[in-house]
Structures are given as C-alpha cells and as structure tokens.
Amino acid sequence: MDSQLKKLVTAFALSTLFMMYGVKAWTGEIHGRVVCDVCADASIGPEDHALEGAEVAVLCITKSGEVLNYQAFTNSRGIYTVAETMPESDRWDACLARPISSFHEHCTQLGDGSSGVKFSYNHPPGYTHTVRPFVYRPVRVPMYCI
C-alpha cells in the first residue's frame, strides 16, 4: 500500500472507532425569572413587572466533581438562561442558582426567600430545569399599595 492510502485507511479506522466508542454529548439548560414585587406583598400581581438586566449566578457541580460557575443577565421579559453541552460523564449533578443584583432604579432590595435555590440535575439531555422566580422589592412601597 502506498503511504497516502495507508493514511486514509488509518484515518477512516480511527474515526469509525471514535464514533462507535466515542463520548456521548449531553446538553442541559437552566432558566428562571427575576421580578419586581412593587407592593412588597410577596405575591406576583398586575402591578409587578419583570426586571431586565438583573444578574444571576448559577454554580453547578458535575458528575466528575468539577465546579462550573455561570453568570447570566435577564432579558426584557426578566428571564435568564444558562445552557451547556458537555460529555455525558461530566454532566451537571447539582446546581445552585442565586440572584446577584438588580440594576433597576427602584427595585433593589432582595425579597424574602430569594437568597438562592439548590437543586439536583438528574435529567436527560435536552431537558430544561426551571428555577422559581427571584423577587426584588422597592426600598419604599408606593402609596397605592398601602
């Protein structure tokens, strides 16, 4: 066999082995919302609104023990998303999502019970885990709420 044909056969054999015994990819997604509880009444009502640009940190530990830290910002609908594709053996095992800051001019105080959410992530590839909303409230509640 000439050298060029040997290289071609070797490359084909290696790529076939990799496809047969290769690493399976895994994809996961985490998303949630950040809202302004205008009346600070601990319920989301018509007076409340999404917080655009709020910062959320998501910390995940993988099955292999690696710690991954993600930073996300909310869109105009107050939704943040973190997504990752990795080998199945390194997929997320457990995560912690926590609010970092709100850049809204009035809603800057973190609401009660919004310090963070821990959760296990034992979902199949392509699954989206939804985290409960994080709530900020204003320093001073508007008069129409009282």
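This structure is a prediction, so every number in the text was calculated from the model and none was measured.

A. How the structure looks around the packing of aromatic side chains. Taken as a whole, this structure holds five aromatic pairs when the rule is applied. Ring geometry for Trp-26 and Tyr-121: centres 5.6 Å apart, planes at 85°, overall edge-to-face. With a gap of 95 residues between them, Trp-26 in strand β1 (residues 25–36) and Tyr-121 in the loop between β8 (117–120) and β9 (128–138) connect regions that are remote in the sequence. Of the two residues, Trp-26 and Tyr-121, both sit in the buried class.

B. Focus on the sheet that holds strand β4 (residues 67–73). Spatial ordering of the open sheet is given by β4-β3-β6-β8, a layout of four strands whose pairing is antiparallel. One side of each edge strand has no neighbouring strand; the edge strands of this open sheet are β4 and β8. Taking each pair of neighbouring strands and ignoring which way they run, the sheet shows an average axis angle of 20°. Relative to β4, strand β3 (residues 55–62) runs antiparallel, the two being bridged by seven bridges. Across the sheet, Cys-60 pairs through a bridge with Leu-68, a residue of β4.

C. Highlighting the pairing of β3. Counted residue by residue, β3 has six buried out of eight residues, so it is predominantly covered. Connecting β3 to the next strand, β4, in antiparallel fashion are four residues, including Gly-65 with a positive phi near 95°. Summarising the sheet, β3 and strand β6 (residues 92–101) pair through eight bridges and their orientation is antiparallel. The residue of β6 that forms the bridge with Ile-61 is Ala-94.

D. Structural view of the environment of Arg-140. Summarising the element assignment, Arg-140 is placed in the segment after β9. Considered as a pair, Arg-140 and Ala-40 are 100 residues apart in the sequence and their alpha carbons are 9.1 Å apart.

E. The arrangement of the confidence of the model for the protein chain in detail. Averaged over all residues, the pLDDT of the protein chain equals 86, while 84% of them reach at least 70. Highest mean pLDDT in the protein chain belongs to β4 (97); lowest belongs to helix α1 (residues 3–21) (46). Low pLDDT, under 50, characterises residues 7–21; the stretch is placed with two contacts to residues that sit more than four places away or in other chains.

F. Layout of the nonpolar core. Residues Ile-30, Val-58, Tyr-80 and Trp-92 are the most contacted members of the largest nonpolar core, which totals 26 residues. Where this core is concerned, the elements lending two or more residues are β1, β3, β4, β5 (79–87), β6, β8 and β9. Beyond its immediate chain neighbours, meaning those up to four positions away, Ile-30 contacts Val-58, Cys-60, Tyr-80, Thr-81, Val-82, Trp-92, Cys-95, Phe-119, Tyr-121, His-129 and Val-131.

G. Focus on the state of the cysteines. For the coordinates displayed, the defined rule picks out three disulfides. Between the sulfur atoms of Cys-36 and its disulfide partner Cys-107 the distance amounts to 1.7 Å. Handedness here is read from the sign of the S-S torsion; for Cys-36 and Cys-107, about 60°, the answer is right-handed. Of the two residues, Cys-36 sits in strand β1 while Cys-107 sits in strand β7 (residues 107–110), which places them 71 residues apart along the sequence. As far as the burial class goes, Cys-36 and Cys-107 line up, both buried. Here Cys-60 pairs with Cys-95 through a disulfide, and the sulfurs are 2.1 Å apart. Residues Cys-60 and Cys-95 share a disulfide whose torsion about the S-S bond is about 110°; that sign makes it right-handed. Here Cys-95 lies in strand β6 and Cys-60 lies in strand β3, a separation of 35 residues in the sequence.

Conventions adopted
Residues numbered from 1 in each chain as written. Predicted model: local features only at pLDDT ≥ 70, side-chain atom pairs only at ≥ 80, totals over all residues. Heavy atoms only, no water. Phe/Tyr/Trp six-rings, centres within 6.5 Å; stacked < 30°, edge-to-face > 60°. Helix = DSSP H or I, 4+ residues; strand = E, 2+ residues; numbered from the N terminus. Buried < 20%, exposed > 50% of the residue type's maximum accessible area, 1.4 Å probe, protein only. Pairing = 2+ DSSP bridges. Axes fitted to C-alpha atoms, helices over the stretch in contact; angles between N-to-C directions. pLDDT = per-residue confidence, 0-100. Contact = heavy atoms within 4.5 Å. Core = buried A, V, L, I, M, F, W, Y, C linked by side-chain atoms within 4.5 Å. Disulfide = S-S within 2.5 Å.

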